[in-house]
Amino acid sequence: MGKKYMGYILPSMLSFVLTGVYSIIDGIFVGRAMGDPGLAAINIAWPLVALIISMGTGIGMGAAVIVSLNKGAGEEKKALEAEGNAFLLLWGGSLILTLLLFALGTPLLGLLGAKGELLPLASTYLRYILLGGIVQVFASGMVPLMRNRGASFYSMCAMATGCIANILLDYYLVIVLRLELMGAALATVLGQVLTLIFCIAFYIRKKNRLPLSSFSPNRKAAVSILRVAASPFGLTYLPSVTIIFMNLQALKYGGEEAVSAYAVLAYIVSFMELLVQGIGDGSQPLLSLSQGGGDKKTLKTYARWTFTLGISFGIAGALLFFLLRDFVPVIYGTSPQAAAYIVYATPAFSLVMALYGLTKPAVSYLYATHKVFLSSLLVYGEILLTLAFIFALPLFLGLDGVWYTIPAVQAVLGACSLCFLKRAGLS
């Protein structure tokens, strides 16, 4: 049982760790090449870029849960219908979203705080990312479906190949050719193309091919997928919503240097978030199968292991981040003022990393076991709490209120997570 669990968890964790490493190195390359303006521009554009990835992840994870629940209950036909309809949703959703962002991207960037020199920089980054919008939706959506079929190692290879290519292309396009944000965007798209090639190759194999009948539009299957998808979509996209308001308030209370500092802090914290998301996503097939088959004992064992791993990594990451706080600004090449903000705000963001070890796996556990309402409460409650704190705290604490918004939100969510898990029967 333990070997089976780690067979799912380790490849998933490694996949997300590589994604986190890429995210950090991407910021280093841009910071070295362009300084504070480049970091700030990417941070402002990221909420729109993240919509693409989050849509794919949401649909893919939502479908994976429905497929596993049906398989656990012995409903193989319904499982195939759900998987086939996931591909239809990925295609339709990616096409609509890409067209909308092409049409409305620049005005939206202005609303997100891209002013002066930051607007053309952020527009350039978004425009080149959108060239591969459909590719990125499919790549991020197909990986959880492959993992759900027991191909955890193959899924890891697909993600790892894309991430490694991304890093190498970042160096060549951003540093060597000095294409700056255009190079960073193209590196991201080309890396995702490689991941998608792996995904397509997987489904072309005879044993993995879906019957044509499974691609017949099924309203009930699509609605079931979208209901569950709301939670993983929110879990993936929420940090980007947070970035929007953190950027606006950081700009208001600390200027461009504070936005640049937050960009670096967000890079580091997102690494931990991806790591614990890897734990949650890796355990999803086993949790969903146990729930669908009514095996409560096995379900609780997998859940206990998942939370132990998540909390342990969260605490370890927080301590490491705190100890290395003076070194982080150096590798990102920030200005002295931005560096001072980073060092000052590190304790607050270290606390966030520790709390992520509880709150993120809690959301994953709840939607994996089809507790859609409770998982959605945590995900979208986080948005409401963030809105409340990000505007209220700075009124009294100034820029300190910006830095302590996310720790305050995560502390409340941690308490709610414990209550919801108990209500869901996990004690």
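Preceding block: the structure.
Figured I'd write up the structure that's included with this text. (Residues numbered from 1 in each chain as written. Predicted model: local features only at pLDDT ≥ 70, side-chain atom pairs only at ≥ 80, totals over all residues. Heavy atoms only, no water.)

1. Observations regarding the overall build of the protein
Inference 1: The secondary structure content of the protein amounts to 15 helices and zero strands.
Inference 2: Expected size for 427 residues packed as a compact globule is a radius of gyration near 22 Å; at 21 Å, the protein falls within 12% of this value.
Inference 3: Based on the C-alpha atoms only, the size of the protein along its principal axes is roughly 60 × 45 × 35 Å.
Inference 4: For the protein, the residues scored as buried account for 59% of the 427 residues in total.
Inference 5: Relative to all contacts within the protein whose residues are 6 or more apart in sequence, the contacts with residues 24 or more apart total 84%.
Inference 6: The averaged location of the 17 negative side-chain charges in the protein is 15 Å from the averaged location of its 28 positive side-chain charges. (Helix = DSSP H or I, 4+ residues; strand = E, 2+ residues; numbered from the N terminus. Rg over C-alpha atoms; globule rule 2.2 N^0.38 Å. Buried < 20%, exposed > 50% of the residue type's maximum accessible area, 1.4 Å probe, protein only. Contact = heavy atoms within 4.5 Å. Lys, Arg positive; Asp, Glu negative; His and termini not counted. Charge placed at Lys NZ, Arg CZ, Asp CG, Glu CD.)

2. Some remarks on the environment of Asn85
Inference 1: Looking at the secondary structure, you find Asn85 in helix α3 (residues 76-111).
Inference 2: Put simply, Asn85 and Phe215 are 130 residues apart on the chain and 5.7 Å apart in space, counted from C-alpha to C-alpha.
Inference 3: If we ignore the near neighbours within four places in the chain, the residues touching Asn85 are Ser214, Ser216, Pro217, Asn218, Ala221, Ala222 and Ile225.

3. Here we look at the pattern of salt bridges
Inference 1: Tallied over the full model, the rule gives three salt bridges.
Inference 2: When salt bridges with common partners are traced through the structure, they connect Glu273, Lys360 and Glu382 into a single cluster. (Salt bridge = Lys/Arg side-chain N within 4 Å of Asp/Glu carboxyl O.)

4. Things to note about helix α12 (residues 336-368)
In an α-helix, one turn spans 3.6 residues; hence positions three or four apart end up facing the same way.
Inference 1: If you check α12, its first and last C-alpha atoms are 45 Å apart, about what 33 residues at 1.5 Å a residue would give, namely 48 Å.
Inference 2: The sharpest bend along α12 comes to roughly 50°, located at Thr346, with the proline Pro347 sitting one to four residues further on.
Inference 3: His370 lies just past α12 and shows a positive phi near 65°. (Expected span 1.5 Å × (residues − 1). Bend = angle between axes of the 7 residues up to and from the residue.)

5. Considerations on empty space enclosed by the protein
Inference 1: On inspection of all chains with the given rule, the structure shows two cavities of 30 Å³ or more.
Inference 2: Space inside the second largest cavity adds up to approximately 60 Å³.
Inference 3: What lines the second largest cavity is simply Leu235, Leu238, Thr359, Lys360, Val363, Leu378, Val379, Glu382, Leu413 and Ser417.
Inference 4: Residues of the lining of the second largest cavity, tallied by class, amount to six nonpolar, two polar and two charged. (1 Å grid on protein atoms, 1.4 Å probe; cavity = no way out; pocket = protein on both sides within 12 Å on 5 of 7 lines; lining within 4 Å. Points joined across faces, edges and corners; volume = space filled by probe spheres on them. Nonpolar A, V, L, I, M, F, W, Y, C, P; charged D, E, K, R; others polar.)

6. Here we look at a nonpolar patch on the surface
Inference 1: On the surface, a nonpolar cluster with roughly 600 Å² of combined accessible area is contributed by Leu320, Phe322, Leu323, Leu324, Phe327 and Val330.
Inference 2: With three residues, helix α10 (residues 296-323) is the largest single contributor of residues to the nonpolar patch.
Inference 3: Along the polypeptide, Phe322 turns up in helix α10. (Patch = residues over 30% accessible without salt bridge, like charges linked within 9 Å, V, L, I, M, F, W, Y side chains within 5 Å. Areas by Shrake-Rupley, 256 points an atom, 1.4 Å probe, with all protein chains shown as cover.)

7. A word on the side chain of Ser417
Inference 1: Inspection of the secondary structure puts Ser417 in helix α15 (residues 405-423).
Inference 2: Look past the residues within four positions of Ser417 in its chain and what remains in contact with it is Leu358, Thr359, Ala362 and Leu378.

8. Things to note about the side chain of Ser152
Inference 1: Structurally, the position occupied by Ser152 is in helix α6 (residues 152-176).
Inference 2: The buried category is assigned to Ser152, whose relative accessible area is 4%.
Inference 3: Look past the residues within four positions of Ser152 in its chain and what remains in contact with it is Gly7, Tyr8, Pro11 and Arg147.

9. Details of the nonpolar core
Inference 1: Ranked by internal contacts, the top residues of the largest apolar core, which has 129 residues, are Tyr125, Phe349, Tyr365 and Trp403.
Inference 2: Each residue touching Phe349, except ones within four places of it in the same chain, is listed here: Met246, Tyr262, Leu265, Val269, Phe321, Trp403 and Ile406. (Core = buried A, V, L, I, M, F, W, Y, C linked by side-chain atoms within 4.5 Å.)

10. Some details on unusual backbone geometry
Comment: phi is negative for the bulk of residues other than glycine, and the bulk of peptide bonds are trans.
Inference 1: The phi torsion at Glu180 lies on the positive side, around 55°, for a residue other than glycine.
Inference 2: Tracing the backbone through its elements, the reader meets Glu180 in helix α7 (residues 180-204).
Inference 3: At His370, a residue that is not glycine, the phi angle is positive and equals roughly 65°.
Inference 4: By secondary structure assignment, the location of His370 is in the loop between α12 and α13 (372-397).
Inference 5: Of the residues examined, His370 reaches a relative accessible area of 35% and is grouped as partly exposed.

11. Quick word on the packing of helix α2 (residues 36-72) against helix α8 (residues 219-254)
In helix packing, the relevant descriptors are the interaxial angle and the interaxial distance, both defined with respect to the helix axes.
Inference 1: Two elements in contact, α2 and α8, have axes separated by 6 Å at closest approach and are oriented at 160°. In this view, α2 runs roughly antiparallel relative to α8, as classed from their interaxial angle. In the packing of α2 onto α8, the handedness of the crossing is right-handed.
Inference 2: Within the contact of α2 with α8, the residues separate by chemical class into 19 nonpolar, nine polar and no charged. (Axes fitted to C-alpha atoms, helices over the stretch in contact; angles between N-to-C directions. Parallel < 35°, antiparallel > 145°, perpendicular 65-115°, else oblique. Left-handed = near helix turned anticlockwise from the far one by under 90°.)

12. Side note on the packing of aromatic side chains
Inference 1: All chains considered together, the criterion is met by 16 aromatic pairs.
Inference 2: Centroid distance Phe29 to Tyr171: 6.1 Å. Interplanar angle 55°. Geometry classified as tilted. Of this pair, Phe29 sits in helix α1 (residues 2-34) while Tyr171 sits in helix α6; the two residues are 142 residues apart in sequence, bridging distant segments of the chain.
Inference 3: Relative to Phe198, the ring of Tyr154 lies with its centre 5.8 Å away and its plane at 50°, an arrangement referred to as tilted. A residue pair is termed long-range when its members are at least 10 positions apart, and Tyr154 in helix α6 and Phe198 in helix α7 qualify at 44 residues.
Inference 4: Within the aromatic cluster, the residues linked to one another by ring pairs are Phe87, Tyr154, Phe198, Phe202, Tyr203 and Phe215. (Phe/Tyr/Trp six-rings, centres within 6.5 Å; stacked < 30°, edge-to-face > 60°.)

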